[in-house]
Amino acid sequence: MLSIKNLHASIDEKKILKGINLEIKPGEVHAIMGPNGSGKSTLASVLAGREDYEVTDGTVEFAGKDLLDLSPEERAGEGLFLAFQYPVEIPGLSTTNFIKTAVNEVRKYRGEEPLDAVAFLKLMKEKMAMVNIDQSLLSRSLNEGFSGGEKKRNEVFQMAMLQPKLAILDETDSGLDIDAIRIVANGVNKLRSKDNAVLVVTHYQRLLDYIVPDFVHVLYNGRIVKSGPKELALELEEKGYDFIKNEFKVEA
Amino acid sequence: MNNLEYIKERYNQLPSVNDLNGLGVIRQKAFEALNKMGIPTTRHEEWKYTRIGSFFNKEYQYQANQSAVSANELSAVRLPGYEQANEMVYINGRYSPELSVIRSKGLTIQPLEEAAKNEYKDIVSKHLGHSSNYLKDGIMALSTAFVQDGVFVHVKKGQIIEHPIYIYNITDARQANVLAQPRTLVYVGENAQVKFVETFSTLGTQESFTNRVIEIVVEKDAITEYYKIQTDASHASQVATTHIQQIGKSYTHTVTVSLNAGLVRNNLNIVLDEQYCEAHLYGIYLQQGQSHIDNHTVVDHAKPHCESNELYKGMLDDQSTGVFNGKIFVRQDAQKTNAYQSNKNILLNEGASVNTKPQLEIFADDVKCSHGCTIGRLDEESLFYLRSRGISENTARSLLLHGFAVDILEQIKLAPIREYVDKLISERLEFDLA
């Protein structure tokens with residue numbers, strides 16, 4: 001589904017990603033862990049198409065297409081979803097209107113008819129129940145004045161509405177207490193199927209107690225330096241990132 | 001003959017110039033002030049960024065005859081909900097009783113010239129021209145010099161005027177360039193409630209210049225809403241002055257919507273002249289092409305315990321230019337004042353610009369005041385957020401800009417007018433309201 005080969009990316013001439021290789025197949029959950037500044041969020045941003053980053057080498061294939069050649073909205077149309085670390089507050093635009101526009105633009109991209117009001121409402125009710133989000137929250141301006149937990153729940157709700165092939169969760173647990181993490185993780189788990197995949201980007205192991213990965217990758221200094229089964233996350237939690245740092249000295 | 005000389009000649013031809021019992025004195029004074037000050041240039045501090053001199057260097061017809069503006073033409077400029085509304089129609093600056101429809105009880109409309117002599121003469125002599133205390137320039141004087149063409153609106157004490165008063169300022173520029181000076185004095189009696197919506201429309205392709213002055217006096221326990229919607233053609237320019245004097249503990253709410261026209265200068269003065277007054281001022285401007293919008297506001301806290309709340313927002317595209325100048329005075333007497341002011345701008349094009357100047361002058365020591373302004377571009381992170389959900393870049397821009405306008409739109413309490421303005425803004429932003 002997603003095939004990253006030798007991906008290099010930089011921001012303002014500063015090299016962040018220095019040759020990432022990663023394969024994700026349908027039905028899989030991958031976790032990317034790593035210390036601060038290792039390039040985790042950069043990877044998520046580059047995949048979603050954030051324009052601040054420049055890809056200097058490598059390829060990314062997603063669902064048979066050259067992902068790097070697509071605009072952010074085309075990537076979403078192809079089924080890629082990024083749950084933001086810091087969801088943006090948009091005054092004057094209700095979540096409902098926003099998500100309706102998004103659903104119908106994605107449908108248009110896929111050559112499908114837009115949903116009428118009744119069908120949209122039905123879909124929304126169903127997904128609201130699934131991710132446990134309240135109508136009153138969705139009538140308000142998008143993320144404006146939302147708590148950290150509400151913002152993240154709204155991200156999962158949007159994910160449920162758009163039904164992506166690949167969901168990238170960028171530090172979704174940051175700033176959340178354990179109850180909020182559980183609610184968000186439950187939402188994500190309900191959306192998992194054999195046809196879609198999840199890439200969890202996180203600093204801490206705790207989110208992985210709830211969203212259990214098939215593979216864990218350790219990102220350090222712009223490269224994946226270690227991959228393994230879910231137990232690798234526990235090892236990292238126990239030993240801290242220093243053991244990785246000692247094992248893989250920073251190369252000039 | 002240029003416009004100004006022509007206007008002066010017209011003034012001298014007026015028959016009632018020596019009529020000192022009515023409006024003669026105030027007119028004479030204004031005419032002298034006009035001669036002394038002339039039309040303001042950019043050397044005048046309050047006109048630094050707005051040039052109107054060129055409008056007075058060419059030929060205009062002054063208050064041209066009320067040429068045949070047909071019922072059909074009037075229908076084209078009517079606002080939604082007009083079937084129930086009161087409608088005041090000005091053609092080329094003169095009030096047209098024939099085209100106007102007054103439905104509500106307790107609402108009296110008559111020529112200022114008459115009101116200056118009859119039972120209303122005390123109100124007229126006390127309040128007419130009060131705006132000149134705040135706007136000391138030739139363009140204000142020019143309006144007052146011809147004040148005898150104006151209209152007096154009286155809202156009876158205790159009367160709740162349920163349906164709004166729509167004011168249509170129509171200039172007929174089909175034959176020639178037209179200068180129009182519609183003038184109104186409104187008196188809102190004790191405990192009365194009234195809502196105004198004012199629009200400007202130019203017929204034809206010649207130029208029009210409108211020098212509009214409306215003065216509104218608000219008595220104790222009265223509530224006044226006033227909406228100004230500017231959507232005129234690019235060859236139509238105007239100076240539009242709204243002067244509100246709250247002489248009793250009262251509530252006013254104004255929204256100024258500027259979506260089109262060539263050059264627009266709005267003066268909005270609110271004088272809080274009694275304790276416990278409340279005033280809310282909102283504005284939204286969307287400019288494009290070569291258009292110019294200038295919002296000058298003054299809130300004068302003259303008495304204690306008053307509150308004012310001001311928010312103006314603008315989006316400027318192409319080569320358009322904007323000015324915001326917001327003054328708040330808190331007089332020495334006006335302790336316990338709450339005064340807030342904010343101006344936010346989004347520039348959509350490198351060629352667009354805005355000059356914004358918030359000004360607070362505080363002479364009291366126990367007050368809460370804040371002011372601020374921002375000028376920026378559309379937020380890139382917001383744009384990316386929307387695009388990452390599959391929304392195209394153009395649609396994402398429309399959604400964000402419409403969202404920027406929403407808190408001002410929500411201040412239009414008249415539902416049909418709010419929907420109408422939302423439609424205009426949405427069309428401009430290519431935003432799909434459905």
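Residues numbered from 1 in each chain as written. Chains lettered and ligands numbered in written order. Predicted model: local features only at pLDDT ≥ 70, side-chain atom pairs only at ≥ 80, totals over all residues.

Peer 1: Now, about the overall build of chain A: what can you tell me, with residues and values included?
Peer 2: On a plain count of helices and strands, chain A comes out with nine helices and 12 strands. Taking 252 residues into account, the globule formula puts the C-alpha radius of gyration at 18 Å, and chain A, at 18 Å, falls close to it. For chain A, the C-alpha atoms occupy an extent of roughly 55 × 40 × 35 Å along the three principal directions. Counting only residues that meet the buried cut, chain A has 44% of its 252 residues in that class. Relative to all contacts within chain A whose residues are 6 or more apart in sequence, the contacts with residues 24 or more apart total 71%. (Helix = DSSP H or I, 4+ residues; strand = E, 2+ residues; numbered from the N terminus. Rg over C-alpha atoms; globule rule 2.2 N^0.38 Å. Buried ≥ 20, exposed ≤ 12 C-beta atoms within 10 Å, placed from the backbone. Contact = placed C-beta atoms within 7 Å.)

Peer 1: I'd like a rundown of the overall build of chain B, residues and numbers included.
Peer 2: Counting its secondary structure elements, chain B contains nine helices and 21 strands. For a compact globule of 434 residues, the expected C-alpha radius of gyration is about 22 Å, and chain B comes in at 21 Å, within 12% of that figure. Reported as C-alpha extents along the three principal axes, the dimensions of chain B are approximately 70 × 55 × 45 Å. Pairs at least 24 apart in sequence give 83% of the contacts found in chain B among residues at least 6 apart.

Peer 1: Can you tell me about the nonpolar core, naming the residues and giving the values?
Peer 2: Core analysis: the biggest nonpolar cluster contains 187 residues, and I168(A), V200(A) and V188(B) have the highest contact counts within it. Ranked by residue count, the leading element in this core is helix α8 (residues 393–409) of chain B, at seven residues. Looking at this core, you find at least three residues from each of domain 1 (3–274) and domain 2 (381–434) of chain B. Dropping the residues within four chain positions of it, V200(A) is found in contact with V29(A), A31(A), L169(A), L207(A), L208(A), I211(A) and P213(A). (Core = buried A, V, L, I, M, F, W, Y, C linked by C-beta atoms within 7 Å. Domains from an automatic or database assignment.)

Peer 1: Help me get a handle on the sheet that holds strand β3 (residues 29–33) of chain A, residues and values and all.
Peer 2: All names here are of chain A. If you trace the six strands from one edge of the open sheet to the other, you get β6-β9-β10-β3-β11-β12, paired in mixed fashion. If you trace the sheet from one side to the other, it starts and ends with β6 (80–83) and β12 (223–228), each paired once. Adjacent strand axes in the sheet meet at a mean angle of 20 degrees, parallel and antiparallel pairs treated alike. (Pairing = 2+ DSSP bridges. Axes fitted to C-alpha atoms, helices over the stretch in contact; angles between N-to-C directions.)

Peer 1: Go over α8(B) with me, naming the residues and quoting the values.
Peer 2: Residues and elements named next belong to chain B. If you check α8, its first and last C-alpha atoms are 24 Å apart, about what 17 residues at 1.5 Å a residue would give, namely 24 Å. Along α8, the helix axis deviates most sharply at G403, where the bend reaches about 25 degrees. By the criterion of burial, α8 is predominantly enclosed, with 12 of the 17 residues buried. Every buried residue belonging to α8 is among T395, A396, R397, S398, L399, L400, L401, H402, G403, F404, A405 and I408, and all of these are buried. (Expected span 1.5 Å × (residues − 1). Bend = angle between axes of the 7 residues up to and from the residue.)

Peer 1: With reference to specific residues and values, describe the domain arrangement of chain B.
Peer 2: Residue and element names in this part refer to chain B. What the domain assignment lists for chain B is domain 1 (3–274) and domain 2 (381–434). Centre-to-centre separation of domain 1 and domain 2, based on C-alpha positions: 32 Å. The interface of domain 1 with domain 2 comprises 13 residues on the first partner and 11 residues on the second. The element best represented in the side of domain 1 that touches domain 2 is strand β11 (residues 223–230), accounting for three residues. Each residue belonging to the side of domain 1 that touches domain 2 can be placed in one class, and the counts come to nine nonpolar, two polar and two charged. (Nonpolar A, V, L, I, M, F, W, Y, C, P; charged D, E, K, R; others polar.)

Peer 1: So, the confidence of the model for chain A: which residues are in play, and what are the values?
Peer 2: For chain A, mean pLDDT is 92; residues scoring 70 or higher make up 98% of the total. By mean pLDDT, helix α9 (residues 242–247) of chain A is the weakest element of chain A at 78, and helix α2 (residues 72–78) of chain A is the strongest at 97. (pLDDT = per-residue confidence, 0-100.)

Peer 1: Describe helix α3 (residues 95–109) of chain A, listing the residues and the values that go with them.
Peer 2: The periodicity of an α-helix, 3.6 residues per turn, causes residues three or four positions apart to be oriented the same way. Residue and element names in this part refer to chain A. Along its 15 residues, α3 runs 21 Å from first to last C-alpha, staying within 8% of the 21 Å computed at 1.5 Å per residue. Most of α3 is tucked away, with 11 of its 15 residues classed as buried. If you check which residues of α3 are buried, you get T95, N97, F98, I99, K100, T101, A102, V103, N104, E105 and V106. Count one or two residues on from α3 and you reach G111, which has phi positive near 75 degrees.

Peer 1: Can you break down the pairing of strand β18 (residues 321–330) of chain B residue by residue, with the values?
Peer 2: All names here are of chain B. The element β18 is extensively covered by neighbouring structure, given that eight of its 10 residues are classed as buried. By the bridge criterion, 10 bridges tie strand β16 (residues 292–301) to β18 in an arrangement that is parallel. Bridge pairing in β18 places H292 opposite T321. Summarising the sheet, β18 and strand β20 (residues 353–362) pair through 10 bridges and their orientation is parallel. Paired with G322 across the bridge in β20 is V354.

Peer 1: Report on unusual backbone geometry, specifying residues and quantitative values.
Peer 2: At Q163(A), a position not held by glycine, the phi torsion is positive, near 45 degrees. Inspection of the secondary structure puts Q163(A) in the loop between α6 (148–162) and β9 (166–170). Phi angles above zero are rare outside glycine, and N191(B) is one such case at about 65 degrees. Along the chain, the position of N191(B) falls in the loop between β8 (183–188) and β9 (193–203). N191(B) sits in the partly exposed class, given 17 other C-beta atoms within 10 Å.

Peer 1: Before we move on, can you summarise the interface of chain A and chain B with the specific residues and values?
Peer 2: Frequently, the measure chosen for interface size is the accessible area that the parts lose on association. Each side of the interface is counted separately: chain A has 22 residues, and chain B has 20 residues. Secondary structure elements with two or more residues in the side of chain A that touches chain B: α2, β7 (90–94), α3 and α6 of chain A. A per-element tally of the side of chain A that touches chain B places α3(A) first, with six residues. Partitioned by chemical class, the residues of the side of chain A that touches chain B number 14 nonpolar, five polar and three charged.

Peer 1: Just give me the short version of the packing of helix α7 (residues 380–387) of chain B against α8(B), but keep the residues and values in it.
Peer 2: All names here are of chain B. Viewed as axis vectors pointing N to C, α7 and α8 meet at an angle of 125 degrees, and their least axial separation amounts to 9 Å. When the axes of α7 and α8 are compared, the pair comes out oblique. The handedness of the crossing between α7 and α8 comes out as right-handed. Contacts between α7 and α8 involve S382, L383, L386 and R387 from the first element and E393, A396, R397, L399 and L400 from the second. A breakdown of the residues in the contact of α7 with α8 according to their chemical character gives five nonpolar, one polar and three charged. (Parallel < 35°, antiparallel > 145°, perpendicular 65-115°, else oblique. Left-handed = near helix turned anticlockwise from the far one by under 90°.)

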